[in-house]
Amino acid sequence: MTDEGALVLFSGGQDSTTCLTWALARYPRVETLGFEYGQRHRIEMDCRARLRTGIAALDPAWAARLGDDHVVVLDALGAISETALTRDTAIAMAADGLPNTFVPGRNIVFLTFAAALAYRRDLRRIVGGMCETDFSGYPDCRDDAIKALQVALNLGMDRRFVLETPLMWIDKAATWALAKATGGQGLVELIVEDTHTCYLGQRGDRHDWGYGCGTCPACELRAKGYATFVADGG
Ligand code: ZN
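Student: Provide a residue-level description of the overall build of the chain, including the pertinent values.
Tutor: Of regular secondary structure, the chain possesses eight helices and seven strands. Sorting the 234 residues of the chain into buried and exposed places 48% on the buried side. For the chain, the proportion of contacts with a sequence separation of at least 24, taken over those separated by at least 6, is 68%. Looking at the chain as shown, the accessible area adds up to about 10,400 Å², and 53% of this sits on carbon and sulfur atoms.

Student: Quick one: what's the story with the packing of helix H5 (residues 106-121) against helix H6 (residues 143-157), residue by residue and with numbers?
Tutor: Look at H5 against H6: their axes get within 11 Å of each other, and the N-to-C directions meet at 40°. Classified by the interaxial angle, the pair formed by H5 and H6 is oblique. Crossing hand, H5 versus H6: right-handed. Facing Asn 107, Ile 108, Leu 111, Thr 112, Ala 115, Ala 116 and Tyr 119 of H5, the residues of H6 in contact are Ile 146, Leu 149, Leu 153 and Met 157. Looking at side-chain class alone, the contact of H5 with H6 contains nine nonpolar, two polar and no charged residues.

Student: Can you lay out the coordination of the zinc ion for me, pointing to particular residues and giving the numbers?
Tutor: Protein coordination at the zinc ion: the donors are Cys 198 (SG), Cys 213 (SG), Cys 216 (SG) and Cys 219 (SG), at 2.3 to 2.4 Å from the metal. Around the zinc ion sit four donor atoms, and with donor-metal-donor angles ranging over 106 to 116° the site reads as tetrahedral. Taken in chain order, the donor set of the zinc ion reads C-x14-C-x2-C-x2-C. Within this pair, whereas Cys 198 is found in the loop between helix H7 (172-194) and strand E6 (206-207), its partner Cys 213 is found in the loop between strand E7 (210-211) and helix H8 (217-231), the two being separated by 15 residues in sequence. Here Cys 198 matches Cys 213 in class, with each residue buried.

Student: Can you break down H6 residue by residue, with the values?
Tutor: Across its 15 residues, H6 extends 21 Å between first and last C-alpha, which sits within 8% of the 21 Å expected from 1.5 Å per residue. Buried within H6 are the following residues: Asp 143, Ile 146, Leu 149, Gln 150, Leu 153 and Asn 154. Down the axis, H6 shows its buried residues gathered within 130° of arc, on one side only. Along H6, exposed side chains directed more than 90 degrees from the buried face belong to Asp 144, Leu 155 and Gly 156. Where the residues of H6 are buried, they touch H5 and strand E5 (162-164).

Student: How would you sum up the pattern of salt bridges? Please name residues and give values.
Tutor: One pass over the structure, following the stated rule, counts eleven salt bridges. In this structure, Arg 121 and Asp 68 form a salt bridge, with 3.2 Å as the shortest nitrogen-oxygen distance. Of this pair, Arg 121 sits in helix H5 while Asp 68 sits in strand E3 (residues 66-73); the two residues are 53 residues apart in sequence, bridging distant segments of the chain. According to the relative accessible area criterion, Asp 68 is partly exposed, its value standing at 42%. Close ionic contact of Asp 143 with Lys 147 constitutes a salt bridge, the shortest N to O distance being 2.8 Å. Of the two residues, Asp 143 and Lys 147 are both situated in helix H6; the distance of four residues between them amounts to about one turn of the helix. In this structure Asp 143 comes out as buried when scored by relative accessible area, which is 11%.

Student: Please provide a residue-by-residue account of the pairing of strand E1 (residues 5-9), values included.
Tutor: With five of five residues buried, E1 is to be regarded as a mostly interior element. A two-sided burial pattern is seen for E1, the buried positions comprising Gly 5, Leu 7 and Leu 9 on one face and Ala 6 and Val 8 on the other. Note: E1 against strand E2 (residues 29-36), five bridges, orientation parallel. Note that in E2 the partner of Leu 7 across the bridge is Glu 31.

Criteria and thresholds
Residues numbered from 1 in each chain as written. Predicted model: local features only at pLDDT ≥ 70, side-chain atom pairs only at ≥ 80, totals over all residues. Heavy atoms only, no water. Helix = DSSP H or I, 4+ residues; strand = E, 2+ residues; numbered from the N terminus. Buried < 20%, exposed > 50% of the residue type's maximum accessible area, 1.4 Å probe, protein only. Contact = heavy atoms within 4.5 Å. Areas by Shrake-Rupley, 256 points an atom, 1.4 Å probe, with all protein chains shown as cover. Axes fitted to C-alpha atoms, helices over the stretch in contact; angles between N-to-C directions. Parallel < 35°, antiparallel > 145°, perpendicular 65-115°, else oblique. Left-handed = near helix turned anticlockwise from the far one by under 90°. Nonpolar A, V, L, I, M, F, W, Y, C, P; charged D, E, K, R; others polar. Donors = N, O, S within 2.8 Å, 3.2 Å for Na, K, Ca; no water. Tetrahedral: all angles 85-135°; square planar, octahedral: opposite > 155°, others 65-115°. Expected span 1.5 Å × (residues − 1). Arc of directions from axis to C-beta. Salt bridge = Lys/Arg side-chain N within 4 Å of Asp/Glu carboxyl O. Pairing = 2+ DSSP bridges.

Take a look at the structure:
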């Protein structure tokens, strides 16, 4: 194992929870970072502490590696964004083919702040759940966007950060399978029970894949991935 530390973008959703355990299995010092940016639903943020406790309880080695949690308030991002995640607007497709849940610049801003924090905390690896496979068309989730940003951050901060995106080329079913391979059935159950993905911010009914409205794009993707994971023997 490398002695390098990692900073994980940790929202409290399925993807970032899987990324956090992925990092805990690899790096001796792992810290977490969450953002408050005026999102309509703070349920994901409220899940974070419970998930960190649950993850630490799964494995004593993970508990020893899991370091500080950081929360950065970025109200300015919400103030300048007209999206269904930051305004009381129905989720819809915009004329350019992007859903209006897209917050322009969000991942660029998040990763830039993450790098600034990683700089201060002397953490070389920055881990995020961006995914080009099942993604909703968000351009800043694409591999090329992340790689370009890595170059810009390293040039601009004179560091050698590595932006790691373990979910980039896998779909939601494979994300469930990755969680199982990393932390066993205990981790799968923790993700089902305590992570939150629903765009509408609903805990609502408990489905086999977790809580949520069951009909928004995020719930549909999560449910479909879970069904495939189970059908494949997960
Ligand atoms: Zn939903």
